[in-house]
Amino acid sequence: MSTLTTSPPAPEPDELVRLLVGFARRLREAELAVGSGDVLTYCAAAAALNPADLVDVYWAGRTTLVIRRDQIPVYDSVFRSYFLDEADDEPPKPFSVKAKQQAQSVLQVPESEPGEQRREDQQALLGLIASDASSLKAKSFAACTAEELLALRHIMKSLRLTPPRRRTRRTVRASSGRVPDLRRTVRETMRLHGEPTELYWRRRRLRLRPLVLILDVSGSMSDYSRALLQFAYSTSRVPTRVEVFCFGTRLTRITRELDHRRPDEALDRAARAVVDWEGGTRIGSSLDTFVRDWARRGRCRGAIVVICSDGLDRGDPAVLATAMDRLSRLCHRIVWMNPHKGESEDFRPNTLGMMVAAPHIDLLMSGHDLRSLEQFASVLPDLR
């Protein structure tokens, strides 16, 4: 009975090292990659713990000698046969019966750690979402559930926009061109003491065009505004200047609110900044405010302006017509996304706002699902 209540003293250092080295040798025989450095780390870890406790010896080896999860069953089998199932021709190990019983209870613990089942369930769920990604891309934002919208948000993170390039007035060195680099040519000629040299050239530098997004967050666009706002947040990683505005009955700039590392925090800040969320719609007055306060100051000079709205305007059509005319002369291209267009190729606008704006629109797209947004990303570089 004394062996069940008391533990023998810890093994001597030399005996402990021989014991652990023999265990590492058994692991090598079981085709586990255990190096000399791993054995030294194992011995140091076991000495720092309680060498008389088999549980400490077990966990010291598992944390230092096991590098992959599929090696755990092999490690447990070798540990059980080496420390617990002593053969007749082997010397007894200096561990008590109680220590061996505790080690047996440790080996009965399932391989998965607490919370692993939950992570596996999450991975399975993500796998199902990934398998249904193609169907989700073709599903309208208005018909998506909250879980599907969350999955679309994760997919939308991989969406990359590349605006078209434009030639600037500044020039850079080039191997050929139409503009001679007189300064470099004269400098090289003087370096050669007046001897004529080759003629050097310059070309105009190319830059990405700015991108301006104007989102309708009125009540008629409530089924699409959240997803389009997430799309606007994804455009913040475009390597060019991006401006984002929202409008219902008034225009609100939310570029600074979307400039945040966490998407949820950025969207919450943008929602708090827009005071007329899911309210009325005044497209004409909102675009007129944009032209007067922002476009004339150079915010959309040479830019691609993307307007996301269904065209249901309650304001004066003349104001909308004037604003669209001025905007078309200030920016490079106007893209209008109307969710009601859908997949229809022969879509004809039936709202007064769309009829008034149609003559000034360069490209009409739907923007009602993720596939249409991907289509916009594919045609964006060609809007020259």
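Scroll up to find the structure.
Computed from a predicted model, the values in this text were never measured in an experiment. (Residues numbered from 1 in each chain as written. Predicted model: local features only at pLDDT ≥ 70, side-chain atom pairs only at ≥ 80, totals over all residues. Heavy atoms only, no water.)

Draft legend 1. Here's a closer look at the overall build of the protein. Per the secondary structure count, the protein includes 16 helices and nine strands. Looking at the protein alone, contacts between residues at least 24 apart form 74% of all its contacts between residues at least 6 apart. Carbon and sulfur atoms form 50% of the exposed surface of the protein, whose accessible area is close to 21600 Å². (Helix = DSSP H or I, 4+ residues; strand = E, 2+ residues; numbered from the N terminus. Contact = heavy atoms within 4.5 Å. Areas by Shrake-Rupley, 256 points an atom, 1.4 Å probe, with all protein chains shown as cover.)

Draft legend 2. Local environment of the packing of helix α13 (residues 283-293) against helix α14 (residues 317-330). Put simply, α13 and α14 touch, their axes get as near as 8 Å, and they point 35 degrees apart. The element α13 and its partner α14 pack so that their crossing is left-handed. Taking contact as the criterion, the partners of Ile283, Gly284, Ser285, Leu287, Asp288, Phe290, Val291 and Arg292 in α13 are, on α14, Val319, Leu320, Ala323, Met324, Arg326, Leu327 and Leu330. Across the contact of α13 with α14, the residue classes break down as ten nonpolar, two polar and three charged. (Axes fitted to C-alpha atoms, helices over the stretch in contact; angles between N-to-C directions. Left-handed = near helix turned anticlockwise from the far one by under 90°. Nonpolar A, V, L, I, M, F, W, Y, C, P; charged D, E, K, R; others polar.)

Draft legend 3. How the structure looks around α13. Those residues of α13 that fall on the buried side of the exposure criterion are Ile283, Gly284, Ser286, Leu287, Asp288, Phe290 and Val291. Those residues of α13 that are buried are in contact with β4 (211-216), β5 (242-247), β6 (251-253), β7 (304-308), α14 and β8 (333-337). (Buried < 20%, exposed > 50% of the residue type's maximum accessible area, 1.4 Å probe, protein only.)

Draft legend 4. A positive patch on the surface, seen in detail. A grouping of Arg167, Arg169, Arg178 and Arg204 is seen on the molecular surface, where their side chains present a positively charged patch. In this fold, Arg167 is placed in strand β1 (residues 165-174). (Patch = residues over 30% accessible without salt bridge, like charges linked within 9 Å, V, L, I, M, F, W, Y side chains within 5 Å. Salt bridge = Lys/Arg side-chain N within 4 Å of Asp/Glu carboxyl O. Lys, Arg positive; Asp, Glu negative; His and termini not counted. Charge placed at Lys NZ, Arg CZ, Asp CG, Glu CD.)

Draft legend 5. Broad picture of helix α5 (residues 72-84). In this model α5 runs 17 Å from its N-terminal to its C-terminal C-alpha over 13 residues, within 8% of the 18 Å that 1.5 Å per residue would give. Here α5 has its buried residues at Ile72, Tyr75, Asp76, Val78, Phe79, Tyr82, Phe83 and Leu84. (Expected span 1.5 Å × (residues − 1).)

Draft legend 6. Main features of the packing of aromatic side chains. Enumeration according to the criterion identifies eleven aromatic pairs in this entry. Judged by centre distance (6.2 Å) and plane angle (70 degrees), the rings of Phe231 and Phe376 are edge-to-face. Pair noted here: Phe231 is in helix α11 (residues 222-234) and Phe376 is in helix α16 (residues 370-379), with a separation of 145 residues, a long-range link. Taken together through their ring pairs, the aromatic side chains of Phe23, Tyr42, Tyr58, Trp59, Tyr75, Phe79 and Tyr82 make up a single cluster. (Phe/Tyr/Trp six-rings, centres within 6.5 Å; stacked < 30°, edge-to-face > 60°.)

Draft legend 7. Representation of the state of the cysteines in the model. Scanning all chains against the criterion turns up zero disulfides. Looking at Cys331, it has no disulfide partner, and the nearest cysteine sulfur is the one in Cys300, 5.5 Å off. (Disulfide = S-S within 2.5 Å.)

Draft legend 8. Structural detail: the nonpolar core. Among the nonpolar cores identified, the biggest contains 44 residues, and Leu258, Val306, Leu373 and Phe376 are the most heavily contacted of them. Those elements that place two or more of their residues in this core are α9 (146-156), β4, α11, β5, α12 (263-273), β7, β8 and α16. For Leu373, the contacting residues outside a window of four places in its chain are Phe141, Met156, Leu159, Leu228, Phe231, Met337 and Gly367. (Core = buried A, V, L, I, M, F, W, Y, C linked by side-chain atoms within 4.5 Å.)

Draft legend 9. Structural context of the sheet that holds β1. Read across the sheet, three strands follow the order β1-β3-β2 without closing on themselves; strand pairing throughout is antiparallel. The open sheet has two edge strands with one neighbour each: β1 and β2 (179-180). Sheet topology places β1 next to strand β3 (residues 201-208); seven bridges connect them, and they run antiparallel. Bridging from a neighbouring strand, Thr171 pairs with Arg204 of β3. (Pairing = 2+ DSSP bridges.)

Draft legend 10. Main features of unusual backbone geometry. At Glu31, a residue that is not glycine, the phi angle is positive and equals roughly 70 degrees. With respect to the secondary-structure elements, Glu31 resides in the loop between α2 (13-29) and α3 (36-48). For Glu31, a relative accessible area of 74% corresponds to the exposed category. Here the phi dihedral of Glu278 falls at roughly 55 degrees; this positive angle occurs in a residue that is not glycine.

Draft legend 11. Quick look at the sheet that holds β8. One open sheet accounts for six strands, arranged β6-β5-β4-β7-β8-β9; its pairing is mixed. Looking at which strands have only one partner, the edges of the open sheet turn out to be β6 and β9 (363-365). Put simply, the sheet's adjacent strands are angled 20 degrees from each other on average, direction ignored. Sheet topology places β4 next to β7; five bridges connect them, and they run parallel. Directly across from Ile214, in β7, lies its bridge partner Ile307. Taken strand by strand, α14 contacts β7 and β8, and its axis lies near 130 degrees from that of β8.

Draft legend 12. Expanded view of the packing of α11 against α12. Taken N-terminus to C-terminus, the directions of α11 and α12 make an angle of 120 degrees; their axes are 11 Å apart at the nearest point. One way to sum up the angle between α11 and α12 is to call them oblique. Considering how the two elements wind past one another, α11 and α12 form a crossing that is right-handed. Residues Arg226, Leu229, Gln230 and Tyr233 of α11 form the contact with α12, whose own contacting residues are Pro263, Ala266, Leu267, Ala270 and Ala271. When grouped by side-chain class, the residues that make up the contact of α11 with α12 number seven nonpolar, one polar and one charged. (Parallel < 35°, antiparallel > 145°, perpendicular 65-115°, else oblique.)

Draft legend 13. Representation of the environment of Ala318 within the structure. Counting through the fold element by element, Ala318 comes out in helix α14. When the C-alpha atoms of Ala318 and Val356 are compared, they prove to be 8.3 Å apart, with 38 residues separating the residues in sequence.

Draft legend 14. Looking closely at the side chain of Thr252. As for its position among the elements, Thr252 is in strand β6. Aside from chain neighbours lying at most four places away, what touches Thr252 is Val244, Phe245, Cys246, Ala273 and Val274.

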